[in-house]
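One letter stands for each residue in the lines below.
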Amino acid sequence: MQMTAQQLRLPLTVEPVVRRQPDMTYRAKLENLLSDDLDFHGTNSAYASHNFHSFPAKFPPQLPRKFIEWLTDPGDLVLDPMVGSGTTVLEAFLLGRRGLGVDIDPLALRLCKAKVTPTALEEVAETGHRVLRDAEVALQRNVASLMDSLDARFDDATRKFVDYWFLPETQLELIALIREIEKVQNPITRGFLELAFSAIIITKSGGVSRARDLAHTRPHRVSDKVPRSAIAQYRHRLKKNIQSLTELAYGTGGVALLKGNAQSLALQDNTVDLIVTSPPYASNAIDYMRAHKFSLVWFGHPVKELSKLRREYIGGEALTDFHLLEVPNYSTQVITRIARYDERKARVLHRYYSEMTRSLSEMYRVLKPGKAAIVVVGTSTMRGLDTETQICLGEIGESLGFDLVDIAVRKLDRDKRMMPARRSARPNSQIEERMHEEYVIGLYKPDS
Ligand SMILES: C[S@@+](CC[C@H](N)C(=O)[O-])C[C@H]1O[C@@H](n2cnc3c(N)ncnc32)[C@H](O)[C@@H]1O
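Draft legend 1. Geometry of the nonpolar core. Counting 70 residues, the largest nonpolar core has F166, L174, F197, I201, Y234, F294 and W298 as the members making the most contacts within it. It is helix α8 (residues 168–182) that contributes the most residues to this core, seven residues altogether. A domain-level breakdown of this core finds at least three residues from each of domain 1 (12–104 + 255–279 + 317–444) and domain 2 (121–246). The contacts of I201, once residues within four sequence positions are left out, are F166, L174, G206, G207, V208, L214, F294, S295 and W298. Grouped together as the second largest cluster of nonpolar side chains are 38 residues, L100, Y352, L385 and I441 included.

Draft legend 2. Broad picture of helix α10 (residues 230–245). Between its first and last C-alpha, α10 extends 22 Å over 16 residues, near the 22 Å set by a 1.5 Å rise per residue. Where α10 is concerned, the buried positions are A230, I231, Y234, R237, L238, N241, I242, S244 and L245. Buried residues of α10, viewed axially, fall in a sector of 155 degrees; they line one side. Facing away from the buried surface of α10 by more than 90 degrees, the exposed residues are H236, K239 and Q243. On its buried face, α10 is in contact with α5 (121–141), α8 and α9 (187–199).

Draft legend 3. Looking closely at the sheet that holds strand β4 (residues 272–277). If you trace the seven strands from one edge of the open sheet to the other, you get β3-β2-β1-β4-β5-β9-β8, paired in mixed fashion. This sheet does not close on itself; its edge strands, each paired only once, are β3 (254–259) and β8 (403–411). Within this sheet the neighbouring strands show an average axis-to-axis angle of 15 degrees, counted without direction. For strand β2 (residues 98–103) and β3, the ladder comprises six bridges, and the chain directions are parallel.

Draft legend 4. Spatial organisation of the environment of R212. Take R212: it is sitting in the loop between α9 and α10. Since its relative accessible area comes to 48%, R212 is described here as partly exposed. Once the C-alpha coordinates of R212 and K225 are considered, the two residues, 13 residues apart in sequence, prove to be 8.0 Å apart.

Draft legend 5. Geometry of the side chain of Q171. In this structure, Q171 sits in helix α8. For Q171, a relative accessible area of 3% translates into the label buried. Engagement of the side chain of Q171 in a polar contact is seen with the backbone oxygen of F166, the distance being 3.1 Å. Setting aside residues no more than four positions away along its own chain, Q171 makes contact with L150, R159, V162, D163, F166 and W298.

Draft legend 6. Structural context of the site of the ligand. The local shell around the ligand holds 25 residues, among which S85, T87, D103, A262 and S278 are the closest. Within the side chain of S85, a nitrogen or oxygen atom sits 2.5 Å from an oxygen atom of the ligand. Between the ligand and T87 there is a distance of 2.6 Å, counted from an oxygen atom to a side-chain nitrogen or oxygen. When the free accessible area of the ligand is taken as 600 Å², the share hidden by the protein chains comes to 100%. Looking at the shell around the ligand residue by residue, the classes come out as 13 nonpolar, eight polar and four charged.

Draft legend 7. Spotlight on the environment of S380. By the secondary structure assignment, S380 is in the loop between β5 (367–377) and β6 (381–382). Considered as a pair, S380 and L349 are 31 residues apart in the sequence and their alpha carbons are 9.9 Å apart. Reaching out from S380, the side chain makes a polar contact with the backbone oxygen of A282 at a distance of 3.4 Å.

Draft legend 8. Expanded view of the pattern of salt bridges. One pass over the full model with this rule turns up 22 salt bridges. The residue D287 makes a salt bridge to R310 at a minimum N-O spacing of 2.6 Å. Of this pair, D287 sits in the loop between β4 and α11 (288–296) while R310 sits in helix α12 (residues 303–310); the two residues are 23 residues apart in sequence, bridging distant segments of the chain. Judged by relative accessible area, R310 falls into the partly exposed class, the value being 30%. Because the salt bridges share partners, they merge into one network encompassing R27, E31 and D403.

Draft legend 9. View of the packing of helix α14 (residues 343–366) against helix α15 (residues 389–399). Interaxial distance between α14 and α15 falls to 10 Å at its minimum, and their mutual angle equals 45 degrees. Judged on the interaxial angle alone, α15 and α14 are oblique. As α14 runs across α15, the sense of the crossing is right-handed. Side by side, α14 and α15 meet where Y352, Y353, M356, T357 and L360 of the first sit next to T389, C392, L393, I396 and G397 of the second.

Draft legend 10. Looking closely at the packing of aromatic side chains. Inspection of every chain in the model, using the stated rule, returns 13 aromatic pairs. Between Y26 and Y444, the ring centres sit 6.0 Å apart and the planes meet at 35 degrees, which makes this aromatic pair tilted. Pair noted here: Y26 is in helix α1 (residues 26–34) and Y444 is in strand β9 (residues 437–444), with a separation of 418 residues, a long-range link. Of the two residues, Y26 and Y444, neither departs from the other in class, the shared state being buried. Summarising the aromatic geometry, the rings of F55 and Y288 are spaced 5.4 Å apart at their centres and angled 25 degrees between planes, so their arrangement reads as stacked. Taken together, the positions of F55 in the loop between α1 and α2 (62–71) and Y288 in helix α11 put the pair 233 residues apart, joining distant regions of the chain. Grouping residues by exposure puts F55 and Y288 together as buried. What links up through ring pairs into an aromatic cluster is the set F154, F161, Y164, W165, F166, F197, F294, W298 and F299. Between the NZ or CZ atom of R221 and the centre of the ring of Y164, over which it lies, the distance is 4.1 Å.

Draft legend 11. Representation of the pairing of strand β1 (residues 77–80) in the model. Residues L77 and L79 of β1 are buried on one face, and the alternating residues V78 and D80, pointing to the opposite face, are buried as well. As paired elements, β1 and β2 share four bridges and run parallel to each other. The partner of L79 across the bridge, within β2, is L100. Crossover connection from β1 via helix α3 (residues 87–94) to parallel β2: handedness right-handed.

Scoring rules and cut-offs
- Residues numbered from 1 in each chain as written.
- Predicted model: local features only at pLDDT ≥ 70, side-chain atom pairs only at ≥ 80, totals over all residues.
- Heavy atoms only, no water.
- Core = buried A, V, L, I, M, F, W, Y, C linked by side-chain atoms within 4.5 Å.
- Buried < 20%, exposed > 50% of the residue type's maximum accessible area, 1.4 Å probe, protein only.
- Helix = DSSP H or I, 4+ residues; strand = E, 2+ residues; numbered from the N terminus.
- Domains from an automatic or database assignment.
- Contact = heavy atoms within 4.5 Å.
- Expected span 1.5 Å × (residues − 1).
- Arc of directions from axis to C-beta.
- Pairing = 2+ DSSP bridges.
- Axes fitted to C-alpha atoms, helices over the stretch in contact; angles between N-to-C directions.
- Polar contact = N/O pair within 3.5 Å; in protein donor to acceptor, adjacent residues only side chain to side chain.
- Near = heavy atom within 4 Å.
- Areas by Shrake-Rupley, 256 points an atom, 1.4 Å probe, with all protein chains shown as cover.
- Nonpolar A, V, L, I, M, F, W, Y, C, P; charged D, E, K, R; others polar.
- Salt bridge = Lys/Arg side-chain N within 4 Å of Asp/Glu carboxyl O.
- Parallel < 35°, antiparallel > 145°, perpendicular 65-115°, else oblique.
- Left-handed = near helix turned anticlockwise from the far one by under 90°.
- Phe/Tyr/Trp six-rings, centres within 6.5 Å; stacked < 30°, edge-to-face > 60°.
- Lys NZ or Arg CZ within 6 Å of the ring centre and 35° of its normal.
- Right-handed = clockwise from strand over helix to strand, strands pointing away.

And the structure:
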């Protein structure tokens with residue numbers, strides 16, 4: 001039996017609006033869901049731990065929730081191979097399913113873990129209070145020791161990065177906080193406190209760093225930005241996250257997280273009941289690593305290691321040592337059209353469609369026959385031309401054996417989402433219109 005939102009004690013706004021039709025076939029049910037309203041404007045997305053930390057282009061929780069609720073039963077395995085901030089697996093957890101999240105990004109995995117782990121409210125509140133108090137004491141009485149810690153913490157390249165992006169006074173506050181957080185013994189409590197720490201750096205407006213906007217491909221340093229006090233921001237964020245913590249207690253599922261590449265999943269064939277995922281945009285429209293570096297350096301990751309890892313992200317622009325695959329007709333035409341204006345950009349797009357071919361092929365392999373993969377994508381522009389990502393991914397999915405059930409359109413609520421900067425699209429043009437949309441591709445693995 002599937003559980004209702006009321007049984008889960010979640011806000012009623014997240015209840016599905018489609019009426020259940022028990023005699024419908026699975027495929028028809030999927031078709032029905034795709035034709036339903038998938039915009040979810042005006043609904044509350046901030047329940048449970050969904051808003052603990054911002055994340056570029058995360059989808060509203062109602063989106064995976066709808067498909068999980070209608071296409072799986074409690075105990076089923078729900079996979080997101082590019083799990084990001086964990087929206088899909090958190091919903092799976094709240095609905096009593098088993099969620100499995102894979103991502104290549106160390107920050108995504110960190111924050112996912114904290115978001116799906118029920119945490120003792122009192123302990124977190126008490127420990128958080130102690131961390132803040134001791135950090136403030138160190139700032140008042142022990143600045144020399146904090147400066148020593150800054151010197152010891154980073155290698156030269158990382159220190160240069162930190163000095164460029166964080167004011168000296170912010171660095172002191174951040175090191176005072178992270179030093180106290182690292183002393184916390186309980187790993188669950190520590191994870192929760194680390195997440196709040198990262199959340200004050202990674203925000204749409206660059207948080208306590210000097211960056212203007214982290215979702216843009218190249219964050220810009222603003223010379224006149226005076227970041228707010230990191231201590232004050234941390235206190236505020238902690239309070240907010242603790243307030244939302246209670247709702248997590250109602251989750252009955254389980255979640256496993258794997259560091260890995262969506263192009264080669266460490267999972268057995270035919271084992272997954274449902275996939276709900278949103279891959280990165282083509283052409284590095286959101287550069288996750290460039291943004292996440294701002295937080296990861298404080299958790300001990302040197303910038304050089306992070307730059308190396310960045311090459312493995314889907315949608316990157318590097319072309320050396322990269323094996324391009326043959327893609328189907330329409331996708332080839334889109335690439336060829338762009339090549340007339342810019343050969344390099346066309347190869348970057350070809351790289352993206354090759355990476356997505358590998359990822360979709362893995363999704364097909366691990367999915368049980370008779371089950372679905374829901375792939376949520378936005379399109380991009382290159383030299384003013386639409387990459388038609390949704391059509392190409394649908395075509396690639398079909399070439400791998402999936403039935404393309406439908407491609408639904410959803411209107412984005414741009415006020416709510418950290419989205420890529422719009423590049424080279426004329427205002428009011430058709431392409432500009434499409435930048436305000438996202439596509440929900442329904443792929444069905446036939447029962448054969
Ligand atoms: C659009 S985000 C996912 C957002 C997610 N749906 C959410 O609600 O938070 C895309 C994710 O793909 C991840 N990613 C990029 N390349 C990857 C790869 N090769 N393997 C696995 N994950 C990858 C990024 O790190 C990022 O977390």
